[in-house]
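# Structural overview for review
This is what each chain is made of:
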Amino acid sequence: DVKVTQSSRYLVKRTGEKVFLECVQDMDHENMFWYRQDPGLGLRLIYFSYDVKMKEKGDIPEGYSVSREKKERFSLILESASTNQTSMYLCASRPPAGELAFFGQGTRLTVV
Amino acid sequence: AQRVTQPEKLLSVFKGAPVELKCNYSYSGSPELFWYVQYSRQRLQLLLRHISRESIKGFTADLNKGETSFHLKKPFAQEEDSAMYYCALRRGGNYQLIWGAGTKLIIKP
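Residues numbered from 1 in each chain as written. Chains lettered and ligands numbered in written order. Predicted model: local features only at pLDDT ≥ 70, side-chain atom pairs only at ≥ 80, totals over all residues. Heavy atoms only, no water.

### Points about the overall build of chain A
Under the convention used in this document: Secondary structure is summarised from DSSP: a helix means a run of H or I of at least four residues, a strand means a run of E of at least two, and numbering begins at the N terminus for each. To sort residues, take the accessible area from a 1.4 Å probe on protein chains only and compare it with the maximum for the residue type: under 20% means buried, over 50% means exposed, and anything in between is partly exposed. A contact between two residues is defined here by any heavy atoms of the two lying within 4.5 Å. For the area figures, the Shrake-Rupley method with a 1.4 Å probe applies, and any residue is considered shielded solely by the protein chains shown.
Looking only at helices and strands, one finds 0 helices and 11 strands in chain A. Ordered by position from the N terminus, the helices and strands of chain A form the series β-β-β-β-β-β-β-β-β-β-β. With respect to the principal axes defined by its C-alpha atoms, chain A has extents near 35 × 25 × 25 Å. Here chain A holds 112 residues, and 50% of them are scored as buried. Taking contacts inside chain A between residues at least 6 apart in sequence as the whole, the part at least 24 apart equals 54%. Roughly 5,200 Å² of accessible area belongs to chain A as shown, and the carbon and sulfur atoms make up 50% of that amount.

Structure below.
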């Protein structure tokens, strides 16, 4: 069973902390994505990566950065967490030219 | 502008009744559209894609280019259909998706 695994299901962090959200996939997919999911807003793309060490900004990259040192791992970094970054974060992966069909279980981040 | 609109945040129907979740899109090219579903405490998953013209779990969706719509339909709702449903549009050559805001479907017993 193929998997996209996010390291934490729930996280609570303080304002100003540096936060790392980890995502690992075991399907050898080139493309990986980070979204945030908010009620009434759907999914919004933060960053994506189409290869190791490659990254592209999505629609809402401000306040975030990413790291892709290995093909299977894509990390989302909140440099200085703020309360407006409280959200559900979803990681996803897909093969080149394929449908986006593989999602992680989500990380619910609360910034207090 | 490229956009996906799901006009209903919440849709509540009785078990056995027909269901239609609306999705309208705005896109200048040839659209590729998808429906995704997220059941309570489960991962987001791809439900169906318009190019396959398939029926999944009794759901179908037809692309209507004239009305720029891709509504999701099921003739007889079941309680297990209760979930969050997202419509998504693939944009351009990089295969990124534009997402609707989602519709929460509640099937009442």
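### Section: the confidence of the model for chain A
Heads up, the rule is: What pLDDT reports is the predictor's confidence in each residue, on a scale of 0 through 100.
Averaged over every residue, the pLDDT of chain A is 93; residues scoring 70 or more account for 98%. Of all secondary-structure elements in chain A, the lowest mean pLDDT belongs to strand 10 (residues 102-103) of chain A, at 92, while strand 11 (residues 107-111) of chain A reaches the highest, 98.

### Concerning the sheet that holds strand 3 (residues 19-21) of chain B
All names here are of chain B. Counted only if it meets this: Should DSSP find at least two bridges between two strands, the strands are regarded as paired.
Across the sheet, 3 strands lie side by side as 3-8-7; this open sheet has antiparallel pairing. Lying at the two open borders of the sheet, with one neighbouring strand each, are strand 3 and strand 7 (60-61). Where strand 3 lies against strand 8 (residues 72-74), 3 bridges are found, and the strand directions are antiparallel. Residue pairing in the sheet places Leu21 in a bridge with Leu72 of strand 8.

### Considering the sheet that holds strand 7 (residues 64-70) of chain A
All names here are of chain A. Which entries qualify depends on this criterion: Axes here refer to lines fitted to C-alpha atoms; in helices the fit is confined to the stretch in contact. Angles between the N-to-C directions go from 0 to 180 degrees.
If you walk across this open sheet you meet the 4 strands as 1-3-8-7, and the pairing is antiparallel. Each edge of the open sheet carries a strand with a single partner, namely strand 1 (4-6) and strand 7. Between one strand and the next, the sheet's axes are offset by a mean angle of 20°, whatever the strand orientation. When strand 1 meets strand 3 (residues 19-25), the two strands line up antiparallel, connected through 3 bridges. What sits directly across from Thr5, in strand 3, is Val24.

### Quick look at the state of the cysteines
Which entries qualify depends on this criterion: In this description, a disulfide is simply a cysteine sulfur pair whose atoms lie within 2.5 Å.
On inspection of all chains with the given rule, the structure shows 2 disulfides over all chains. Note on cysteine connectivity: Cys23 of chain A is disulfide-linked to Cys91 of chain A, with sulfurs 1.9 Å apart. Taking the torsion about the sulfur-sulfur bond, which here is approximately -80°, the covalent link between Cys23 of chain A and Cys91 of chain A counts as left-handed. Pair noted here: Cys23 of chain A is in strand 3 and Cys91 of chain A is in strand 9 (residues 87-94), with a separation of 68 residues, a long-range link. In this structure, Cys23 of chain A and Cys91 of chain A share a single accessibility class: buried. Between the sulfur atoms of Cys23 of chain B and its disulfide mate Cys87 of chain B the distance is 2.0 Å. The chirality of the disulfide connecting Cys23 of chain B with Cys87 of chain B is left-handed, given an S-S dihedral of about -65°. In this pair, Cys23 of chain B sits in the loop between strand 3 and strand 4 (24-26) while Cys87 of chain B sits in strand 9 (residues 83-91), placing the two residues 64 residues apart along the sequence.

### Observations regarding the packing of aromatic side chains
Selection criterion: Working definition: a ring pair exists when centres of Phe, Tyr or Trp rings (six-membered ring for Trp) sit within 6.5 Å. Plane angles under 30 degrees give stacked, over 60 give edge-to-face, the rest tilted. Remark: a charge is flagged as sitting over a ring if the NZ atom of Lys or the CZ atom of Arg is within 6 Å of the ring centre and within 35 degrees of the ring normal.
This model, assessed by the stated rule, comprises 10 aromatic pairs over all chains. Every member of this aromatic cluster is reached through a ring pair, and the members are Phe33, Tyr35, Phe48 and Phe103 of chain A together with Phe34, Tyr36, Tyr86 and Trp99 of chain B. Note that Arg9 of chain A overlies the ring of Tyr10 of chain A, its terminal NZ or CZ placed 5.8 Å from the centroid.

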